[in-house]
Amino acid sequence: MAPPAPPRLPTLAVGVIGHVHDGKTALTAALTRITAGQPRTHEQLLDYCERLTGITVLAKCIEYCTERRRIVHWDCPGHPDRCKNTIKALSQVDVVILVVSAAAGPREQTREHLQYARALAVTHVIVFLNMCDLLDSPELLDLVELETRELLHACGFDGDTAPVIRGSAAQADRDEWREPLYALRDALDAAPLRIHDAAGALLLPVVRTYSRWFGRRAGAAQVPSTVLAGRIERGTLRTGDMLELVGHAPTRRGQCVQLRAFDRVVDELAAGESAGCQLGEVPPWEVTPGMVLTSPDALTTHRRVIARLSLPPRTSARPRSSWRGPSAIASGYRPHLYVRTADITCTIMLPDASRAEPGERVAAELVLDVPTVLAGAPGFILRDAHSTVATGEIVELLD
Ligand SMILES: Nc1nc2c(ncn2[C@@H]2O[C@H](COP(=O)(O)OP(=O)(O)OP(=O)(O)O)[C@@H](O)[C@H]2O)c(=O)[nH]1
Ligand SMILES: [Mg+2]
């Protein structure tokens, strides 16, 4: 029997970020067990390969309810090689929970994830100091909290007022460690909601695709159909709507055959909610994550933009041999551009200078390899194989 529909509460999208192995998945599992929804264990949130290595690879999206909110929760990977999945998940959230190991303090990925959240216009951070069961010195905990607040300041957040909760995700089922989880749940209830425009033209950046085949019975013609998942950024999506997929490949049209919010079939979903839209007449191989689902003729794509870039400053940390830290960029450099859920190679053209050094802010022209929907994008991230090249915002759309 299908589970009962959760009450219709305002949706808050939350991303859990932090350095690798600081306890993000353990905290996600603990949160599902103290809120209304499907309780999960740490193992249930990992797939087969992840269980073998203990490292989260894909960002996982789950849903649960607190007293006042329906939470759409993204458990992000912490490993530096999985940054791409973290960025795509962060492009879908309103608020982040920053998990910091009390035993180790903030580290390289703690800083990098905060920079991503800032670049993608997230303004509210809740800090969870995890693994406090391993430390019995309150002075050391004070020091880690101070260091984390300083890091929040350095990354452009309000480090003085951000809630900091001290707890232990792995021990959350024990009575003495239950209170911090309740405090975290209350902090999610108190987090500010974003105001979404439900009346504008539909804009749903596709984060994941699934394929479905109909007419599997003998003799019946097989009709491919695709399920597109993502968060509605603007507008309202209804079953039966005629829709258009824009960006990357030639524009495709199809009808919304079925609409799902996690495991519930619904008739309508509005801006701010996560949707799974089964699109008829469009085969799965023609859809790429990063495309945008919209109403026919509502949005246009662009390939050239003027942008303001901020290059991260050099730090003394060199945590692994293949990581070479922030470096200077020159005209003609071709990093990956992460904007909304798209991941596109682009060429940087610096009109005013031949080079830009770490820590600088420069204006640049970006030429994308494939056209994509860029209007209204909250911000973007440029990365190469090993490190973040720059974060930035679009100033002007050219063509
Ligand atoms: N002692 C102790 N161990 C913990 C705590 N939280 C998590 N752990 C352990 O830390 C290890 C890593 O936890 P995960 O939740 O997988 O860490 P993660 O941040 O999700 O890791 P990635 O997603 O790969 O970055 C596991 O063995 C957990 O059991 C805690 O509060 N106390
Ligand atoms: Mg994890």
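Residues numbered from 1 in each chain as written. Chains lettered and ligands numbered in written order. Predicted model: local features only at pLDDT ≥ 70, side-chain atom pairs only at ≥ 80, totals over all residues.

A. Geometry of the site of ligand 1. Near ligand 1 you find 21 residues, and of these Gly23, Thr25, Thr56, Gly78 and Ala170 are the closest. Here the element with the most residues in the shell around ligand 1 is helix H1 (residues 24–34); it accounts for three residues. Residues belonging to the shell around ligand 1 are distributed by class as follows: eight nonpolar, ten polar and three charged. (Near = placed C-beta within 6 Å. Helix = DSSP H or I, 4+ residues; strand = E, 2+ residues; numbered from the N terminus. Nonpolar A, V, L, I, M, F, W, Y, C, P; charged D, E, K, R; others polar.)

B. Quick look at the sheet that holds strand S25 (residues 388–397). Here we have six strands rolled up into a closed barrel, ordered S18-S23-S21-S20-S24-S25, and antiparallel in their pairing. Mean inter-strand twist for the sheet, computed between neighbouring axes without regard to direction, equals 40°. Summarising the sheet, strand S18 (residues 302–310) and S25 pair through six bridges and their orientation is antiparallel. Paired with Ser310 across the strands is Thr391, a residue of S25. The strands that helix H4 (residues 108–119) touches are strand S24 (380–383) and S25; relative to S25, the one it contacts most, it runs at about 5°. (Pairing = 2+ DSSP bridges. Axes fitted to C-alpha atoms, helices over the stretch in contact; angles between N-to-C directions. Contact = placed C-beta atoms within 7 Å.)

C. How the structure looks around helix H6 (residues 178–190). The end-to-end C-alpha distance of H6 is 19 Å, a good match for the 18 Å that 13 residues give at a rise of 1.5 Å each. Within H6 the residues assigned to the buried category are Pro180, Leu181, Leu184, Ala187 and Leu188. Taken end-on, H6 shows its buried residues confined to a sector of 115°, consistent with a single buried face. (Expected span 1.5 Å × (residues − 1). Buried ≥ 20, exposed ≤ 12 C-beta atoms within 10 Å, placed from the backbone. Arc of directions from axis to C-beta.)

D. Highlighting the sheet that holds strand S5 (residues 95–101). Taken together, seven strands build an open sheet; the order of strands is S2-S3-S4-S1-S5-S6-S7 and the sheet is mixed. Each having just a single partner strand, strand S2 (36–37) and strand S7 (164–166) make up the two edges of the open sheet. Both S2 and strand S3 (residues 60–65) contribute to a ladder of two bridges, which runs antiparallel. Bridging from a neighbouring strand, Ala36 pairs with Cys65 of S3. H4 contacts strand S1 (11–18) and S5 of the sheet and is inclined by roughly 150° relative to S1. Packed onto the sheet, H6 meets S1, strand S4 (70–75), strand S6 (124–130) and S7 and runs at close to 160° relative to S7.

E. How the structure looks around helix H5 (residues 138–154). Over its 17 residues, H5 runs 24 Å from end to end, which matches the ideal 24 Å to within 8%, given 1.5 Å per residue. Those residues of H5 not exposed but buried are Val144, Thr148, Leu151 and Leu152. All buried residues of H5 project into a common sector of 105° when viewed along the axis, lining one side. Residues Pro138, Glu139, Asp142 and Glu150 are exposed on H5 and point more than 90 degrees away from its buried face. Turning to H5, the residues buried within the fold contact S5, H4, S6 and S7. Downstream of H5 by a residue or two, Gly156 has a phi angle that is positive, lying close to 95°.

F. Structural detail: the pairing of S24. Going residue by residue along S24, you find Phe380 and Leu382 tucked away on one face and Ile381 and Arg383 tucked away on the opposite face as well. Pairing geometry for strand S20 (residues 336–339) and S24, over four bridges, is antiparallel. Note on S24: the bridge partner recorded for Leu337 is Leu382. Pairing geometry for S24 and S25, over four bridges, is antiparallel. Opposite Arg383, over in S25, you have Thr388 as the bridge partner. What sits between the antiparallel neighbours S24 and S25 is a turn of four residues.

G. The arrangement of the pairing of S1 in detail. In terms of burial, S1 is a largely internal element, eight of the eight residues being buried. Across the two faces of S1 the burial is the same, with Thr11, Ala13, Gly15 and Ile17 and Leu12, Val14, Val16 and Gly18 all buried. Strand direction decides the pairing type here: S1 and S4, joined by six bridges, are parallel. Within S4, the residue paired with Val16 across the bridge is Asp75. Across five bridges, the pairing between S1 and S5 is parallel. Each residue of the ladder has a partner; that of Val14, found in S5, is Val95.

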